[in-house]
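Overview (structure and organization)
The lines below spell out each chain.
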Amino acid sequence: MAARWRRILIIFVAAQVLFVVNTFEEEDVPEEWILLHVVQGQIGAGNYSYLRLNHEGKIVLQMRSLKGDADLYVSDTTLHPSFDEYELQSVTCGQDVVHVPAHFRRPVGIGIYGHPSHLESEFEMKVYYDRTVVQYPFGEASYNPEEMEANQKYSQSTEDESQDEESVFWTILIGILKLILEILF
């Protein structure tokens, strides 16, 4: 009888864990973003795959590594950006996001790099057009590069903190699942 209740409890806990994982994996995309393309591909370790972006306006590149670890490099000066030559990058182990500003010259070069820690990486990249309107209280002439850089550093630190929180979550989740498997078998 106790074994039956234990199995029911384990199934219940596993269902709750899967529910929590699914809620974390759902993408929250602002209403102002319009999906333009979805690109899927594979890239070998230490290799690049190059794409070209011709759409005008503010573009958001959102790439997710399905297998392995793919990194994202973007440039408006070369069609073959790399980890040595780029203007924008995202090199996380999870979801990579790059906001391409409207003032970047088109075509914009996109480089996807397969990290050497995996023999092959699979990725899915969604390309969004960002329709949000930025209100400039004193017009666009009030552009301050130092302020923009400070804001970018602040947003990057906020992203790093959320990545750390997500990493802790996954560590705890994997530990719970290992414990459940040990109890079952």
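That block above? That's the structure.
The paragraphs below set out a description of the structure included in this document. Per chain, the residues get numbers from 1 upward, laid out in the order the sequence is written. For a predicted model such as this one, the threshold for reporting local features is a pLDDT of at least 70, and the threshold for listing and counting side-chain atom pairs is 80 or more; totals across whole chains, interfaces and linings nevertheless cover every residue. To get the side-chain values, all heavy atoms of the structure are used, and hydrogens and water are removed first.

Re the overall build of the chain
Applied cut-off: Here a helix means four or more residues in a row that DSSP labels H or I, a strand means two or more in a row labelled E, and each is numbered from the N terminus. Burial status follows relative accessibility: with a 1.4 Å probe on protein chains alone, a residue under 20% of its type maximum counts as buried, one over 50% as exposed, and anything between as partly exposed. The contact rule is simple, with two residues in contact once any of their heavy atoms fall within 4.5 Å. With residues, only the protein chains shown are counted as cover, and all accessible areas are computed by Shrake-Rupley using a 1.4 Å probe.
Looking only at helices and strands, the chain features two helices and eight strands. Along the chain direction, N to C, the helices and strands of the chain fall in the order α-β-β-β-β-β-β-β-β-α. For the chain, with 185 residues in total, the buried portion stands at 26%. Considering only contacts in the chain between residues 6 or more positions apart, those separated by 24 or more positions represent 81%. Carbon and sulfur atoms make up 56% of the accessible area of the chain, which totals about 12,900 Å².

Digging into the pairing of strand β6 (residues 95-100)
Heads up, the condition is: Note: two strands are recorded as paired if DSSP finds a minimum of 2 bridges between them.
Going residue by residue along β6, you find Asp96, Val98 and Val100 tucked away on one face and Gln95, Val97 and His99 left uncovered on the opposite face. Here strand β3 (residues 59-67) runs beside β6; their pairing, made up of six bridges, is antiparallel. Each bridged residue has a counterpart across the sheet, and for Leu61 the counterpart in β6 is Val98.

Quick notes on the environment of Val39
Tracing the backbone through its elements, the reader meets Val39 in strand β1 (residues 33-44). Through-space distance from the C-alpha of Val39 to that of Glu124 is 5.7 Å; in sequence the pair is 85 residues apart. Once you skip the residues sitting within four places of it in the chain, Val39 turns out to touch Leu51, Phe123, Glu124 and Met125.

Some thoughts on the sheet that holds strand β2 (residues 48-53)
Heads up, the condition is: Axis definition: a line fit to C-alpha positions, over the contact stretch in the case of helices; interaxial angles, taken between N-to-C directions, run 0 to 180 degrees.
Read from one edge of the open sheet, four strands run β2-β7-β4-β5, paired in antiparallel fashion. Looking at the sheet topology across the chains shown, the edges are occupied by β2 and β5 (88-90). Averaged over all pairs of adjacent strands, the angle between strand axes in this sheet comes to 15 degrees, irrespective of strand direction. Pairing of strand β4 (residues 70-75) with β5 involves three bridges; the strand directions are antiparallel.

Details of the side chain of Thr78
Heads up, the condition is: Think of a polar contact as two N or O atoms within 3.5 Å of one another; within protein, one of them needs to be a possible hydrogen donor and the other a possible acceptor, and neighboring residues in sequence only count if both atoms come from side chains.
Assignment of secondary structure puts Thr78 in the loop between β4 and β5. At 3.1 Å, the side chain of Thr78 forms a polar contact with the backbone nitrogen of His80. Sequence-distant contacts of Thr78, that is, excluding residues within four places in its chain, are made with Glu85 and Gly109.

Observations concerning the sheet that holds strand β8 (residues 120-130)
With respect to topology, four strands assemble into an open sheet ordered β1-β8-β3-β6, the strand pairing being antiparallel. For this open sheet the edge positions go to β1 and β6, each flanked by a neighbour on one side alone. In this sheet, neighbouring strand axes are inclined to one another by 20 degrees on average, regardless of whether the strands run parallel or antiparallel.

Considerations on unusual backbone geometry
With omega at 0 degrees, the peptide bond leading from Arg106 into Pro107 counts as cis. Within the secondary structure, Pro107 sits in the loop between β6 and β7 (108-114).

What to know about the nonpolar core
The following threshold applies: By convention a nonpolar core is built from buried Ala, Val, Leu, Ile, Met, Phe, Trp, Tyr and Cys residues, the set being connected through side-chain atoms within 4.5 Å.
Formed by 17 residues in total, the largest nonpolar core has its most connected members in Leu61, Leu72, Val74, Val100 and Ile112. Contributions of two or more residues to this core are made by β3, β4, β6, β7 and β8. Setting aside residues no more than four positions away along its own chain, Leu72 makes contact with Leu61, Met63, Leu88, Gln89, Ser90, Asp96, Val98, Ile110, Gly111, Ile112 and Met125.

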